[in-house]
Amino acid sequence: MIVADVRPDLMPYYKEDCDPKNLAPLWEVLHSFARKEPKSDCQAYIWQYKNIRDTLMKSADLITAEQAERRVLILENPGMRGRYRVTTSLFAGLQLIMPGEIAPAHRHTQAALRFIVEGSGAYTAVNGEKTIMEEGDFVLTPSWTWHDHGNESNQPMVWLDGLDVPLVETLDTTFAEPYPDKIHPTTRPSGDSLARYGMGLAPVDYEQKSPNSPIFNYPYVRTREALEMMRKTEEWDLCHGLKLRYINPDNGQSAMPTLGTFMQLLPKNFETSNYKSTDATVFSVVEGSGKSFIGDQVFEWSKRDHFVVPCWAQQKHIANEDAVLFSFSDRPVQQTLGLWREDRGNN
Ligand code: GTQ
């Protein structure tokens, strides 16, 4: 319904002439979509692991992974409750899989990332390759790939799921399909994709067929080693400390076209300069502790906590001890469309 604002005297024209014909006057609403700066329902928030772990573990007493299909507690942004999203364009959740459980095979057009938060030894299988996951690993499930998860270890495993669900919904391109069996057959050994594509090598006649990285698991040991090696000589970026982005070795772009993923090291007592960017970002604390000033709020974080920084919110991070932060956002989408912006202050 039209709310007269600019020209209340035109209300009869809006109501009687325009409205019945599904027409609406732009001049009443132009200010709402031609804004000086972005405005978002997304709010800054932190899920401290110590406050939510029990609730997550309790879900395993109430429903099996198979019954649930995916036993996930959604990280719902408090500014967008009931909309199953952590930012306007992205979904995040914590998935729990207990020893002996299987989350059955399916595929969907939404792309997913897994970032391993707790546990060791469970697997994800994507299109015929299994990867055994360890804390800090970043694992890809590209759009429309068959995937199932299983836990053959003797401990629970928890990972962060990041999906482009709201983005795909906006584009009306959601498709999904269950696999006829619980598990999709394995056709290649674990580590196959890393060996073929993750060593600065590729099979000689390899041709890039998809916008997704051919590497399936980016192991934390390697990422951590890269940061530690850089630390010896690299200058600290004033806004980011040492920050790496995960790339698709085929083209240097993000590992998946809709999900940008990053890993950064902040040394003890490092205080980043004020920074903002248009891509609302979800952080997962891998090591260490610290605090973040986001807008006018302060969040204390430590290992396994998750927090979200909204679009264009002023952010500053301080590490109490050496800290490693994983993060993800829709940055590659914004960059492809020429929309991404950042503000580094004077840095
Ligand atoms: O593991 O396939 O958090 O399909 C949400 C939807 C995880 C998954 C989620 C999914 C999955």
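The structure presented is a predicted model; accordingly, all values stated were derived computationally and were not measured.

A. Structural detail: the overall build of the protein chain. Scanning the protein chain for helices and strands turns up 8 helices and 22 strands. Taken over the C-alpha trace, the protein chain has a radius of gyration of 22 Å; the compact-globule value for 347 residues is 20 Å, and the two agree within 12%. Considered along the principal axes of its C-alpha atoms, the protein chain spans approximately 70 × 50 × 50 Å. Across the 347 residues that make up the protein chain, the buried fraction comes to 50%. Across the protein chain, every contact between residues at least 6 apart in sequence was considered, and the portion connecting residues at least 24 apart equals 74%. Surface summary for the protein chain: the accessible area is close to 17200 Å², and the carbon and sulfur share equals 52%. Where the 36 positive side-chain charges of the protein chain centre and where its 47 negative ones centre are 2 Å apart.

B. Region of the structure containing the environment of Leu163. Inspection of the secondary structure assignment puts Leu163 in strand S10 (residues 157–163). For the pair Leu163 and Pro78, spaced 85 residues apart in sequence, the C-alpha separation works out to 18 Å. In contact with Leu163, not counting residues within four places along its chain, are Leu90, Phe91, His108, Gln110, Ala111, Ala112 and Leu259.

C. Main features of the pairing of strand S5 (residues 112–118). Most of S5 sits out of view: 7 of its 7 residues are buried. In terms of strand pairing, S5 meets strand S8 (residues 138–141) through 4 bridges, oriented antiparallel. Bridge pairing links Ala112 to Thr141 in S8. Where S5 and S10 come together, 6 bridges link them in antiparallel fashion. Among the inter-strand pairings, Glu118 is bridged to a residue of S10, identified as Val158.

D. Local environment of the side chain of Asp279. Tracing the sequence through the fold places Asp279 in the loop between strand S15 (276–277) and strand S16 (281–287). For Asp279, a relative accessible area of 1% gives the class buried. Of note is the side chain of Asp279, whose polar atom sits 2.8 Å from the side chain of Arg331. Polar contacts involving the side chain of Asp279 include one to the side chain of Trp340, which spans 2.7 Å. If we ignore the near neighbours within four places in the chain, the residues touching Asp279 are Ser329, Asp330, Arg331, Gln334 and Trp340.

E. The sheet that holds strand S20 (residues 315–319), seen in detail. An order of S18-S17-S20 is seen for the 3 strands of this open sheet, with the pairing classed as antiparallel. Because the sheet does not close on itself, it has two edges, and the strands there are strand S18 (297–302) and S20. Shown here is a sheet whose adjacent strand axes are inclined to one another by a mean of 20 degrees, direction ignored. Alignment of strand S17 (residues 289–294) against S18, held across 6 bridges, turns out to be antiparallel. Of the residues in S18, the one forming a bridge with Ser292 is Phe299.

F. Structural detail: the sheet that holds strand S1 (residues 45–47). Here 6 strands make up an open sheet; going across it, the order is S1-S19-S16-S21-S14-S13 and the pairing antiparallel. Here the strands that pair on one side only, and so sit at the sheet edges, are S1 and strand S13 (242–245). On average, each strand axis in the sheet is tilted by 20 degrees relative to the strand beside it, whichever way the strands run. Note that strand S14 (residues 260–266) and strand S21 (residues 323–329) share 7 bridges and pair antiparallel. Considered in S21, the bridge of Thr261 is made with Phe328.

G. Region of the structure containing the pattern of salt bridges. The tally for this structure, following the rule as stated, stands at 22 salt bridges. With its nearest N and O atoms 3.1 Å apart, the salt bridge here joins Arg188 to Glu129. One end of the pair, Arg188, is in the loop between strand S11 (176–178) and helix H6 (192–197); the other, Glu129, is in strand S7 (residues 129–134), and 59 residues separate them in sequence. The exposure class assigned to Arg188 is partly exposed, which follows from its relative accessible area of 29%. Put simply, Arg224, Glu228, Arg231, Glu287 and Asp322 are held in one network by salt bridges that share partners.

H. Layout of the nonpolar core. Grouped together as the largest cluster of nonpolar side chains are 40 residues, with contacts concentrated most on Phe138, Met263, Phe326 and Phe328. Core analysis: the next-biggest nonpolar cluster, separate from the first, contains 15 residues, Ile46, Val285, Val309 and Leu325 among them.

I. Up close: the state of the cysteines. Using the criterion set out here, one finds 0 disulfides in the structure. Take Cys239: it sits in no disulfide, and the sulfur closest to it among the cysteines is that of Cys311, at 17 Å. For Cys239, a relative accessible area of 3% puts it in the buried group. Its sulfur unpaired, Cys311 is 8.0 Å from the next cysteine sulfur, which belongs to Cys42.

J. Highlighting a nonpolar patch on the surface. Residues Leu26, Val29, Leu30 and Phe33 make up a contiguous nonpolar surface patch of roughly 360 Å² in combined accessible area. Tracing the chain through its elements places Leu30 in helix H2 (residues 30–33).

K. Region of interest: the site of the ligand. The local shell around the ligand consists of Arg70, Val72, Phe91, Gln95, His106, His108, Arg114, His147, His149, Asp161 and Leu163. Note that an oxygen atom of the ligand is positioned 2.9 Å from one of the side-chain N or O atoms of His106. The separation between an oxygen atom of the ligand and a polar side-chain atom of His147 is 2.8 Å. Protein contact buries 88% of the 280 Å² of open area that the ligand shows by itself. Counting residues per element, the ones that place at least two in the shell around the ligand are strand S3 (91–97), strand S4 (102–108), strand S9 (147–151) and S10. Residue classes in the shell around the ligand are distributed as 3 nonpolar, 5 polar and 3 charged.

Rules used in this analysis
- Residues numbered from 1 in each chain as written.
- Predicted model: local features only at pLDDT ≥ 70, side-chain atom pairs only at ≥ 80, totals over all residues.
- Heavy atoms only, no water.
- Helix = DSSP H or I, 4+ residues; strand = E, 2+ residues; numbered from the N terminus.
- Rg over C-alpha atoms; globule rule 2.2 N^0.38 Å.
- Buried < 20%, exposed > 50% of the residue type's maximum accessible area, 1.4 Å probe, protein only.
- Contact = heavy atoms within 4.5 Å.
- Areas by Shrake-Rupley, 256 points an atom, 1.4 Å probe, with all protein chains shown as cover.
- Lys, Arg positive; Asp, Glu negative; His and termini not counted.
- Charge placed at Lys NZ, Arg CZ, Asp CG, Glu CD.
- Pairing = 2+ DSSP bridges.
- Polar contact = N/O pair within 3.5 Å; in protein donor to acceptor, adjacent residues only side chain to side chain.
- Axes fitted to C-alpha atoms, helices over the stretch in contact; angles between N-to-C directions.
- Salt bridge = Lys/Arg side-chain N within 4 Å of Asp/Glu carboxyl O.
- Core = buried A, V, L, I, M, F, W, Y, C linked by side-chain atoms within 4.5 Å.
- Disulfide = S-S within 2.5 Å.
- Patch = residues over 30% accessible without salt bridge, like charges linked within 9 Å, V, L, I, M, F, W, Y side chains within 5 Å.
- Near = heavy atom within 4 Å.
- Nonpolar A, V, L, I, M, F, W, Y, C, P; charged D, E, K, R; others polar.

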